[in-house]
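# Chain and residue survey
Given next are the chains, with one letter for each unit.
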Amino acid sequence: GGSDAMKRRAGESAAEAVTDGDVVGLGTGSTAAHAIRRLGDRVDAGLDVRGVPTSFASRELAVGAGIPCLDLSEAVGLDGPGIDLAIDGADQVATGVNGGGAPDTGGALIKGGGAAHAREKLVDAAADRFLVVADPSKESPRLDRPVPVEVLPSGRTAVAAAVREADGEPTLRRAERKDGPVVTDNGNLVLDCAFGEIADPVALSATLAEVPGVVEHGLFVGMTDEIHVGTESGVRIESV
Ligand code: DER
């Protein structure tokens, strides 16, 4: 959804938040791609920055844009420089505060449309600040899109059964330009799990995380620091 102009405004807005010497997590998807391209322009203009890509695709874009890259294992850990901020897109952003005592879900995300959410979550969580870039079509009072779940191939049917136990409906993600299922950068498969409206993303996140065979799920809860929403007229920046 959302026009490319709005995605571009969001991505470029987040790229402006990067300061000299930063290590930046580079998200995956078409909105984050705008941030990567803008960062490339800023590198050409003399910005000193290093990128930590979240996928094969984002690394390809970063290298093409002239952004020096670090592997996550070089950036975080004892002698690494750390990650100052991460810029990443989302499939859905919760804007509502759940009434009725359910936990506040503001800033909770569904990610994984690009099947990159395992390394995205690693990088986005390791960053001191996590900036989400989106167009208004991604915003919703409650999360209600299917949750992508990366699974070990041999565990796909066991995980599917556990998802059904949790009142979800799992669908193996089929590839388009390849026969058979989508295979992630990590060599795993993806189940898109429909739960309808998700009243308590924190609880569902914990439930999915403990299912054996789940490599990573696309609920990002309690991680968002800022949301840059590209609009028709400009950018709306929300602090979470
Ligand atoms: O896979 C992801 O989580 C991406 O961030 C992605 O789903 C968002 O994609 P888009 O920016 O191309 O809409």
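To keep things clear, this report deals only with the structure shown in the data block. Every value quoted in this text rests on a predicted model; they were computed, and no experiment measured them. (Residues numbered from 1 in each chain as written. Predicted model: local features only at pLDDT ≥ 70, side-chain atom pairs only at ≥ 80, totals over all residues. Heavy atoms only, no water.)

## A look at the site of the ligand
Put simply, the rule reads: Proximity is defined per residue: any heavy atom of the residue falling within 4 Å of a molecule or strand makes that residue near it. A cavity here means a set of 1 Å grid points, computed over protein atoms only, where a 1.4 Å probe fits but cannot escape. A pocket is an open set with protein on both sides within 12 Å along at least 5 of 7 lines, and lining residues have an atom within 4 Å of a point. What decides whether a molecule sits in a cavity or pocket is whether more than half of its atoms lie within 2 Å of the grid points. As a working rule, the residues Ala, Val, Leu, Ile, Met, Phe, Trp, Tyr, Cys and Pro are called nonpolar, Asp, Glu, Lys and Arg charged, and the rest polar, with Gly in that last group.
Surrounding the ligand, one finds 15 residues, the nearest of these being Ser30, Thr31, Asp91, Gly114 and Lys138. Applying the majority rule of atoms within 2 Å of the grid points places the ligand in the largest pocket. For the shell around the ligand, the residue count by class is one nonpolar, eight polar and six charged.

## Topic: the packing of aromatic side chains
Working definition: an aromatic ring pair is given by the centre-to-centre distance plus the angle between the planes. The line we're drawing: Stacked, tilted and edge-to-face are the three classes applied to pairs of Phe, Tyr and Trp rings, where Trp contributes its six-membered ring and a pair requires centres within 6.5 Å; stacked means planes under 30 degrees apart, edge-to-face means over 60, and tilted covers the rest. Two limits define a charge over a ring: the Lys NZ or Arg CZ must be within 6 Å of the ring centre, and within 35 degrees of the ring normal.
Within the structure shown, the criterion is met by zero aromatic pairs. When the ring centre of Phe220 is taken as reference, the NZ or CZ atom of Lys111 above it lies at 5.5 Å.

## Considering helix H2 (residues 30-44)
The following threshold applies: The secondary structure listing takes helices from DSSP runs of H or I that are at least 4 residues long and strands from runs of E that are at least 2 residues long, numbered from the N terminus. By definition here, a helix of n residues has an expected span of 1.5 Å times n minus one. Buried residues are those whose accessible area, probed at 1.4 Å on protein chains only, stays under 20% of the maximum for their type, while exposed residues exceed 50% and partly exposed ones sit between those limits. Contacts are assigned to residue pairs with any non-hydrogen atoms lying within 4.5 Å of each other.
Spanning 15 residues, H2 covers 21 Å between terminal C-alpha atoms, matching the ideal 21 Å at 1.5 Å per step. Within H2, burial applies to Thr31, Ala32, Ala33, His34, Ala35, Ile36, Leu39, Gly40, Arg42 and Val43. Elements in contact with the buried residues of H2: helix H1 (4-15), strand E1 (23-26), helix H3 (56-64), strand E3 (83-88) and strand E6 (127-134). At the C-terminal side of H2, Gly46 shows a positive phi close to 110°.

## Side note on the pattern of salt bridges
As a reminder of what qualifies: Criterion for a salt bridge: a side-chain nitrogen of Lys or Arg within 4 Å of a carboxyl oxygen of Asp or Glu.
Throughout the structure, instances matching the rule amount to nine salt bridges. Salt-bridge contacts for Arg129 lead to Glu226; the nearest nitrogen and oxygen are separated by 3.1 Å. In this pair, Arg129 is assigned in strand E6 and Glu226 in strand E13 (residues 226-230), connecting sequence segments 97 residues apart. With relative accessibility at 16%, the residue Glu226 sits in the buried group. In this structure, Glu139 and Arg236 form a salt bridge, with 2.9 Å as the shortest nitrogen-oxygen distance. Of the two residues, Glu139 is situated in strand E7 (residues 139-140) and Arg236 in strand E14 (residues 235-239); the sequence distance between them amounts to 97 residues. We classify Arg236 as partly exposed; its relative accessible area is 31%. Residues joined in a network through salt bridges with shared partners are Asp88, Lys111 and Glu120.

## A short note on the layout of surface pockets
The condition is simple: Grid points are joined across faces, edges and corners, and a volume is the space filled by probe spheres set on the points.
Each pocket or cavity is described by its volume, and for the largest pocket that value is around 190 Å³. What lines the largest pocket is a set of 16 residues, and nearest its centre among them are Thr28, Gly29, Ala90, Asp91 and Gly114. Tallied by class, the residues present in the lining of the largest pocket amount to three nonpolar, eight polar and five charged.

Nothing here speaks to function; it is all geometry.
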